[in-house]
Amino acid sequence: MAEQAIRQQNVQQRPVYRSGRSYALGRIGGRTLLYAIVAIGAAASMMPFFWTVVSSGKTITELYRYPPTFWPESPQFVANYVEVWNVVPFGRWMLNTTWVTFWALLGGTLSSAIVAYGFSRFRFPGRELFFFVTLATMMLPVEVTLIPTYLLFNKLKWLDTYYPLIIPAWLGGGAFNIFLMRQFMLGIPFDLDEAAKIDGASSWRVLWQIILPLCKPALATLATLGFITNWNNFLGPLIFLKTESKYTVAVGLRYLQSAVAGGSAVVSRPQDHLLMAAALMVALPCLILFFVGQKYFVQGIVTTGIKG
Amino acid sequence: MASTTLPTHPSATAPAPKPQQWTAARRREALEGILYTSPWIIGFWVFVAGPLFASMWFSLTKYNVLRPPQFIGLQNYIVAFTNDPLFYPSIWRTFYFALLSVPLAMVGSLFVALLLNQKLVGTAAWRTLYFLPTLTPIVAAALLWRWMLNPDVGLINYLLEQIGIEGPGWLSSTTWAIPALVIMGLWASVGGSRMIIFLAGLQDVPTELLEAAEIDGAGTWAKFWKVTLPMITPTVFFNLVLGIIFALRTFDIAFVSTAGGPARATWFISLHIYQNAFVSFDMGYASALAWVFFVILFTLTFVQFRLSGRWVFYAGER
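Residues numbered from 1 in each chain as written. Chains lettered and ligands numbered in written order. Predicted model: local features only at pLDDT ≥ 70, side-chain atom pairs only at ≥ 80, totals over all residues.

The subject of this paragraph is the overall build of chain B. A tally of regular secondary structure across chain B gives 15 helices and two strands. Over its C-alpha atoms chain B spans a radius of gyration of 25 Å, topping by over 25% the 20 Å that the globule rule assigns to 318 residues. Oriented by its inertia axes, the alpha-carbon framework of chain B measures out at about 70 × 60 × 35 Å. For chain B, buried positions account for 40% of its 318 residues. Of the contacts formed within chain B by residues at least 6 apart in sequence, a portion of 69% connects residues at least 24 apart. (Helix = DSSP H or I, 4+ residues; strand = E, 2+ residues; numbered from the N terminus. Rg over C-alpha atoms; globule rule 2.2 N^0.38 Å. Buried ≥ 20, exposed ≤ 12 C-beta atoms within 10 Å, placed from the backbone. Contact = placed C-beta atoms within 7 Å.)

To continue, consider the overall build of chain A. A tally of helices and strands in chain A yields 16 helices and zero strands. Across the 308 residues that make up chain A, the buried fraction comes to 42%. The long-range fraction of contacts in chain A, counting pairs at least 24 apart against all pairs at least 6 apart in sequence, stands at 73%.

What follows covers helix α7 (residues 142-155) of chain A. The end-to-end C-alpha separation of α7 of chain A is 20 Å, in line with the 20 Å expected for 14 residues at 1.5 Å each. The element α7 of chain A is extensively covered by neighbouring structure, given that ten of its 14 residues are classed as buried. Those residues of α7 of chain A that fall on the buried side of the exposure criterion are E143, V144, T145, L146, I147, P148, T149, Y150, L151 and F153 of chain A. If you follow the buried residues of α7 of chain A, they end up packed against α8 (163-170) and α13 (235-240) of chain A together with α2 (24-58), α14 (269-279) and α15 (283-311) of chain B. (Expected span 1.5 Å × (residues − 1).)

Before going further, it helps to examine the interface of chain B and chain A. Counting from both sides, the interface comprises 90 residues of chain B and, opposite them, 85 residues of chain A. By residue class, the composition of the side of chain B that touches chain A is 61 nonpolar, 22 polar and seven charged. (Nonpolar A, V, L, I, M, F, W, Y, C, P; charged D, E, K, R; others polar.)

Attention shifts here to the packing of helix α14 (residues 249-260) of chain A against helix α15 (residues 272-292) of chain A. Residue and element names in this part refer to chain A. α15 packs onto α14 with a crossing angle of 175° between their chain directions and a minimal axis gap of 10 Å. Comparing the axis directions of α14 and α15 gives the class roughly antiparallel. Contacts between α14 and α15 involve V249, L253, L256, Q257 and V260 from the first element and D272, L274, L275, A278, A279 and V282 from the second. Split by residue class, the contact of α14 with α15 holds nine nonpolar, one polar and one charged. (Axes fitted to C-alpha atoms, helices over the stretch in contact; angles between N-to-C directions. Parallel < 35°, antiparallel > 145°, perpendicular 65-115°, else oblique.)

Attention shifts here to the nonpolar core. Grouped together as the largest cluster of nonpolar side chains are 148 residues, with contacts concentrated most on L253, A278 and A279 of chain A together with L143 of chain B. At eleven residues, the largest contribution of residues to this core is made by helix α5 (residues 90-121) of chain A. Apart from residues lying up to four places away in sequence, A278 of chain A is in contact with V84, F90, L253 and L256 of chain A. (Core = buried A, V, L, I, M, F, W, Y, C linked by C-beta atoms within 7 Å.)

Before going further, it helps to spend a moment on the packing of α7 of chain A against α2 of chain B. Close contact between α7 of chain A and α2 of chain B brings their axes to 7 Å; oriented N to C, the two are set at 90°. Viewed along their axes, α7 of chain A and α2 of chain B adopt a mutual orientation that is roughly perpendicular. Between α7 of chain A and α2 of chain B, the contacting residues are V144, T145, I147, P148 and T149 of chain A on the first element and F47, V48, G50, P51, L52, A54, S55 and F58 of chain B on the second. A class-by-class count of the residues in the contact of α7 of chain A with α2 of chain B yields nine nonpolar, four polar and no charged.

On to the domain arrangement of chain A. All names here are of chain A. In terms of domain boundaries, chain A breaks down into domain 1 (20-79) and domain 2 (84-305). Put simply, the middle of domain 1 and the middle of domain 2, counted by C-alpha atoms, are 33 Å apart. Listed by partner, the interface residues are seven residues for domain 1 and seven residues for domain 2. Put simply, the parts of the chain that give the side of domain 1 that touches domain 2 at least two residues each are α2 (21-56) and α3 (60-63). A total of four residues in the side of domain 1 that touches domain 2 trace back to one element, the largest contributor, which is α2. Split into classes, the residues belonging to the side of domain 1 that touches domain 2 amount to three nonpolar, three polar and one charged. (Domains from an automatic or database assignment.)

A few words on the environment of F297 of chain A. Residues and elements named next belong to chain A. Considering the arrangement of structural elements, one finds F297 in helix α16 (residues 294-305). F297 sits in the buried class, given 24 other C-beta atoms within 10 Å. Separated by 76 residues in the primary sequence, F297 and T221 have C-alpha atoms spaced 6.0 Å apart. Setting aside residues no more than four positions away along its own chain, F297 makes contact with T224, L225 and F290.

Residues and elements named next belong to chain B. Here chain B is described as being made up of domain 1 (21-78) and domain 2 (84-311). Listed by partner, the interface residues are twelve residues for domain 1 and nine residues for domain 2. Counting residues per element, the side of domain 1 that touches domain 2 draws most heavily on α2, which supplies three residues.

Residue and element names in this part refer to chain B. Residues of chain B with pLDDT of at least 70 account for 92%, and the chain-wide mean is 87. Across chain B, the element-wise mean pLDDT spans from 51 in helix α1 (residues 10-13) up to 95 in helix α4 (residues 87-116). pLDDT under 50 marks residues 1-8. Its contacts with residues more than four places away, or in other chains, come to 16 contacts. Scored as a complex, the prediction yields pTM 0.84 and ipTM 0.82. (pLDDT = per-residue confidence, 0-100.)

This brings us to the confidence of the model for chain A. In low-pLDDT segments, the atomic positions of the prediction should not be examined closely. Here chain A averages 84 in pLDDT, while 87% of its residues score no lower than 70. Ignoring residues within four places in sequence, the model shows residues 1-19 of chain A, a span with pLDDT below 50, making ten contacts including any to other chains.

Glancing now at the environment of V139 of chain B. Inspection of the secondary structure puts V139 of chain B in helix α6 (residues 138-148). Sequence separation between V139 of chain B and V256 of chain B is 117 residues; the distance between their C-alpha atoms is 6.3 Å.

Now for α14 of chain A. An α-helical turn contains 3.6 residues, so any two residues separated by three or four positions project in the same direction. In this model α14 of chain A runs 15 Å from its N-terminal to its C-terminal C-alpha over twelve residues, within 8% of the 16 Å that 1.5 Å per residue would give. Most of α14 of chain A sits out of view: nine of its twelve residues are buried. For α14 of chain A, every residue scored as buried is listed here: V249, A250, V251, G252, L253, R254, L256, Q257 and V260 of chain A. Against α5, α12 (216-232), α13 and α15 of chain A together with α6 and α13 (252-257) of chain B lie the buried residues of α14 of chain A.

With that settled, the discussion passes to unusual backbone geometry. Along the chain, Y66 of chain A connects to P67 of chain A via a cis peptide bond; the corresponding omega equals -5°. Among the structural elements, P67 of chain A can be located in the loop between α3 and α4 (77-87). A cis amide bond, omega -10°, links G261 of chain B with the succeeding residue P262 of chain B. With respect to the secondary-structure elements, P262 of chain B resides in the loop between α13 and α14.

Bringing the environment of P206 of chain B into the picture now. Here P206 of chain B is to be found in the loop between α9 (193-203) and α10 (207-215). As a C-alpha pair, P206 of chain B and T228 of chain B span 22 residues in sequence and 9.1 Å in three-dimensional space.

Okay, structure coming up:
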């Protein structure tokens, strides 16, 4: 990759025109300082996670004690996490979120690949203009289109169902997905599909047997980014879902928040440790996914951010 | 990267032919192209363009969902600008939030990118540590930080006390609620896509330029200001435009951690729109607010593009 090449070149060609002991010492000092700064920053970004883990294992009395303890005196991890599942239908919400995420993700990835195929491989009148307009929609704040969309779903009797969260994804998957797929497809040599076409393959077959298999990295990027977007989606479920048992984890968490604030029918006093446990469980799938698909994240962000 | 090499095939660049020149094959190609893009053509009209025009129409009506919309002209806009006690404050608060958070976020992300660009041992591991917060669902992040910033038993105020500072009330204080949201937002975004984009920009800075500057006696600081920064201005511009839009649209984090309070101190324009649309069901008025907001965002972005010629330097351009 070009990135690595540049880095290597950098190392090899760095001119050493200053030498001597003080310089070397200065360099070591500089490196130490650099690592110290990087480590402090990393610690700061991990601290809330650590604190949440610690808090989620405390008893309610220890939780509100001051000064705070840095590890639970009598860890209640199992009890607290189990209690979350008892207080609210957390398992149900997890399943709901998985269901919605799966279908929205499948639709968003598949349909954006098909649309990008149309944009990248076929000439038709208005293509450039439509593509430009597509890019412009990325800048459009969701607030302007949200109300009519809500009213439309209301007319269709789709409120409190998962259709509003799934169906739009099947119609192109959004400008971002289309753009990323198109960029990637333009990088695939046209000779490959020309050759298949000459051999008599239909364009549909070319898409499935030649283009899509070559697009695997881009599809993986869309899938990883799409998972995060759908799993974390808050405004959509907040507006479109009404029944508690249909909630996704994001709105469920919000519901739990108002429940554990105390004084409600569910819990009688503030129980922030349950909230911390729930928040961690909601975040966990995303964190795990990142470790699996790290390079796809970086690639996706870089492709859309810079090469556009 | 593969995506940067543009193909030389004519169909990638050539404009569509004039209709009279169309052969059967060309017509077929156009038809197939439209067919493949049709899901998005439908999606675009049903979920983007249609709603855009519809909300413009709704903004001129009184509409509470139960009864059909009733045309009232510019009444909603007049009310917003003259008779809504929350309208101007919500705009100022939104801008105050953006004014605090955007510069910090830009400098912070660029700083992290510069650090991670230093050929450290274990770059991937460091990058992961910085990136993880951005993957946290914003609702979870808001709850995490609410607890961290708890004025009585929170970790932040405890740590501040250790160095002799009495921590403020954070989310329960009208003065500190917005700075608290800024901190939360920073944590959730500094090491994210903005940083990765900066990092990619930094790696595209030609090493010859940096070396030439070094030979001419430029120190680290001079190299950064005179070479690196000018070379990455397109990246800075991209991040700035998106950063301002995202900051002004902030909703989730304020909705979950403060619900607009205390005493409406974090009542942003997005919350105001949400409240009018989905709590009061005043769809006409909410649409008008959304359009005012849209025009503000559009104008800001447009101005930035116009001004960009003065400070953004494209290396490929003559």
